[in-house]
Amino acid sequence: MERKQQMDLAGAVGMVVFATMLAFNQVAIKFTNDGFGPIFAAGVRSLLALAVLALWIRFSGRRVGGLRHTLWPGLMLGLLFSVEFIFLFLALDLTSVSRASITFYAMPVWLALVAHFTLPGEALSPRRALGLVLAMTGVAWALANPESRGAGDFRGDILALLASWSWAGIALTVRLTRVSELPAEGQLFWQLAVSAVVLCAVSPLFGPLLREPDALSLFGLGFGVLVASLGFLFWLRLMGIYPASDIASFSFLSPVMAVAFGWMIFDEPVGLGFLGALVLVGVGIVLINRRRKSRKDPVVPAP
């Protein structure tokens with residue numbers, strides 16, 4: 001499809017759909033954790049998503065070369081992805097969707113902060129610095145907000161923060177190593193292949209593999225596989241059509257929608273203070289992402 005210079009209605013609708021999928025994915029993880037051990041579920045999800053990716057590569061006729069030459073950075077990428085999922089699945093086993101999502105989807109904040117010191121051309125402009133301050137203030141306000149504290153667990157909040165940092169580490173790994181030379185399918189291969197092995201191997205250390213599997217937990221697992229495979233490929237197609245900066249500007253929607261889903265499905269408390277914190281995070285993310293991008297952006301799919 002022809003490359004476009006700005007976002008149009010079709011692209012905007014597509015990004016809203018993708019952001020909604022990412023937001024509901026937090027709910028799906030909650031459902032999955034009711035029937036399966038969190039780390040075991042994460043491993044099975046990566047394994048099934050890897051199978052879907054293999055089918056996509058096979059039937060789309062795309063070739064993924066260069067894997068042998070990116071072995072060590074690819075393993076690093078996969079290990080970071082594994083750690084991210086350990087933190088995220090455990091976080092959602094302990095705390096609410098609303099609190100975990102605000103912290104987790106603040107990843108652009110931590111990435112911008114680290115990139116300021118480590119990546120050339122990524123220095124914080126006054127506008128991006130303001131966005132950084134607003135978003136960090138919003139995260140702190142959300143976690144300290146007494147209206148939502150009863151629905152969360154501080155241990156889960158910390159794990160969600162660690163998952164967000166791990167996600168930022170994945171982005172930096174893609175930017176700073178030879179993994180950036182791989183096509184998007186190759187980068188996703190390393191993340192899914194390594195995490196499938198690592199997560200399944202360590203899952204017995206985190207308790208029983210099965211809890212009380214039912215239709216809802218199986219639905220949650222299936223939805224997660226959909227997001228990690230076809231959802232990413234859908235996002236990849238949008239990245240190939242529209243400017244990366246326009247795509248990034250929609251990233252604030254996921255925490256907003258995740259909070260809404262937590263309120264609607266789990267009856268999580270969302271008062272005015274929590275909504276104010278959410279607004280600060282959303283505005284901050286938009287300000288951080290609104291910049292000209294001449295380089296090729298790393299392929300870092302959201303969980």
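Residues numbered from 1 in each chain as written. Predicted model: local features only at pLDDT ≥ 70, side-chain atom pairs only at ≥ 80, totals over all residues. Heavy atoms only, no water.

Teacher, can you tell me more about the overall build of the chain here?
Along the chain, the regular secondary structure elements total 13 helices and zero strands. Written out in order from the N terminus, the α and β elements of the chain read α-α-α-α-α-α-α-α-α-α-α-α-α. Looking at the chain as a whole, 52% of its 303 residues qualify as buried. When the accessible area of the chain is evaluated, it comes to approximately 13500 Å², of which 69% is carbon and sulfur surface. (Helix = DSSP H or I, 4+ residues; strand = E, 2+ residues; numbered from the N terminus. Buried < 20%, exposed > 50% of the residue type's maximum accessible area, 1.4 Å probe, protein only. Areas by Shrake-Rupley, 256 points an atom, 1.4 Å probe, with all protein chains shown as cover.)

I would appreciate a short explanation of the packing of aromatic side chains in the present structure.
Here the distance between the centres and the angle between the planes together describe a pair of aromatic rings. Going through the model one piece at a time under the given rule, you end up with 12 aromatic pairs. Centre to centre, the rings of Phe24 and Phe219 are 6.3 Å apart; their planes meet at 65°, and the pair counts as edge-to-face. Taken as a pair, Phe24 in helix H1 (residues 9-35) and Phe219 in helix H10 (residues 215-241) lie far apart in primary sequence, 195 residues in all. Exposure remark for Phe24: the relative accessible area of 16% places this residue in the buried category. On the accessibility criterion, Phe219 (41% relative accessible area) is partly exposed. Taken together, the aromatic side chains of Phe24, Phe219, Phe223 and Phe261 make up a single cluster linked through ring pairs. Over the aromatic face of Phe59 sits the side chain of Arg58, whose NZ or CZ is 5.6 Å from the ring centroid. (Phe/Tyr/Trp six-rings, centres within 6.5 Å; stacked < 30°, edge-to-face > 60°. Lys NZ or Arg CZ within 6 Å of the ring centre and 35° of its normal.)

I would appreciate a short explanation of the pattern of salt bridges in the present structure.
Opposite charge on two side chains makes pairing possible when the charged atoms of those side chains draw close. Applying the stated criterion across every chain yields a total of three salt bridges. When the shortest N-O distance is used, the salt bridge between Arg211 and Asp93 registers 3.0 Å. Remark: Asp93 occurs in helix H3 (residues 71-94) and Arg211 occurs in the loop between helix H9 (184-202) and H10; sequence separation between them is 118 residues. For Asp93, a relative accessible area of 30% gives the class partly exposed. For the salt bridge of Asp157 with Arg99, the shortest nitrogen-to-oxygen distance reads 2.5 Å. Linking Asp157 in helix H8 (residues 154-176) with Arg99 in helix H4 (residues 97-104), this pair joins segments that are 58 residues apart in sequence. Judged by its relative accessible area of 1%, Asp157 is buried. Owing to a relative accessible area of 3%, Arg99 belongs among the buried residues under this scheme. (Salt bridge = Lys/Arg side-chain N within 4 Å of Asp/Glu carboxyl O.)

What is the right way to look at the packing of H4 against H8 in this model?
The relative placement of two packed helices is expressed as an angle between their axes plus a distance between the axes. At a minimum axis distance of 8 Å, the contact between H4 and H8 shows a crossing angle of 30°. What the angle tells us is that H4 and H8 run roughly parallel. In this structure, H4 crosses over H8, and the sense of that crossing is right-handed. Where H4 approaches H8, its residues Arg99, Ala100, Thr103 and Phe104 are matched on the opposing element by Asp157, Ala160, Leu161, Ala163, Ser164 and Trp167. When the residues that make up the contact of H4 with H8 are grouped by side-chain class, the tally is six nonpolar, two polar and two charged. (Axes fitted to C-alpha atoms, helices over the stretch in contact; angles between N-to-C directions. Parallel < 35°, antiparallel > 145°, perpendicular 65-115°, else oblique. Left-handed = near helix turned anticlockwise from the far one by under 90°. Contact = heavy atoms within 4.5 Å. Nonpolar A, V, L, I, M, F, W, Y, C, P; charged D, E, K, R; others polar.)

Honestly, the nonpolar core in this entry has me stumped. Any pointers?
The nonpolar side chains of soluble globular proteins are, as a tendency, buried together. Ranked by size, the top nonpolar core spans 80 residues in total, and within it Met15, Ile102, Val109 and Ile247 carry the most contacts. Here this core takes 11 residues from H1, the largest share from any one element. Setting aside residues no more than four positions away along its own chain, Ile102 makes contact with Val139, Ala142, Pro255, Val259, Phe274, Leu278 and Val281. (Core = buried A, V, L, I, M, F, W, Y, C linked by side-chain atoms within 4.5 Å.)

What am I meant to see in the confidence of the model for the chain here?
Detailed reading of the predicted coordinates is not advisable wherever pLDDT is low. With 90% of its residues at a pLDDT of 70 or more, the chain has an overall mean of 86. Looking at the elements of the chain, mean pLDDT is at its lowest for helix H7 (residues 146-149), recorded as 60, and at its highest for H3, recorded as 95. (pLDDT = per-residue confidence, 0-100.)

Looking at this structure, how should I read the side chain of Glu185?
Relative to the assigned elements, Glu185 resides in helix H9. Here the side chain of Glu185 touches Trp56 through a polar contact of 3.4 Å, side chain to side chain. (Polar contact = N/O pair within 3.5 Å; in protein donor to acceptor, adjacent residues only side chain to side chain.)

Teacher, can you tell me more about unusual backbone geometry here?
A negative phi holds for most residues other than glycine; trans holds for most peptide bonds. With a phi close to 55°, Asp267 is a non-glycine residue in the positive phi region. Tracing the chain through its elements places Asp267 in the loop between helix H12 (253-266) and helix H13 (272-289). On the basis of relative accessible area, Asp267 is assigned to the exposed category, the value being 64%.

What is the right way to read the packing of helix H5 (residues 107-118) against helix H6 (residues 126-144) from this model?
The geometry of H5 relative to H6 is characterised by a closest axis approach of 10 Å and an angle of 135° between their N-to-C directions. When the axes of H5 and H6 are compared, the pair comes out oblique. At the point where H5 passes H6, the crossing takes the left-handed sense. Taking contact as the criterion, the partners of Val109, Trp110, Ala112 and Leu113 in H5 are, on H6, Arg128, Leu132, Ala135 and Met136. Partitioning the contact of H5 with H6 into residue classes produces seven nonpolar, no polar and one charged.

Would you mind showing me how to read the side chain of Arg45 here?
As for its placement among the helices and strands, Arg45 is situated in helix H2 (residues 38-60). Here Arg45 sits buried without a salt bridge, and the closest side chain of opposite charge, Glu84, lies 7.5 Å off (N-O distance). A polar atom in the side chain of Arg45 sits 3.1 Å from the side chain of Asn25. (Lys, Arg positive; Asp, Glu negative; His and termini not counted.)

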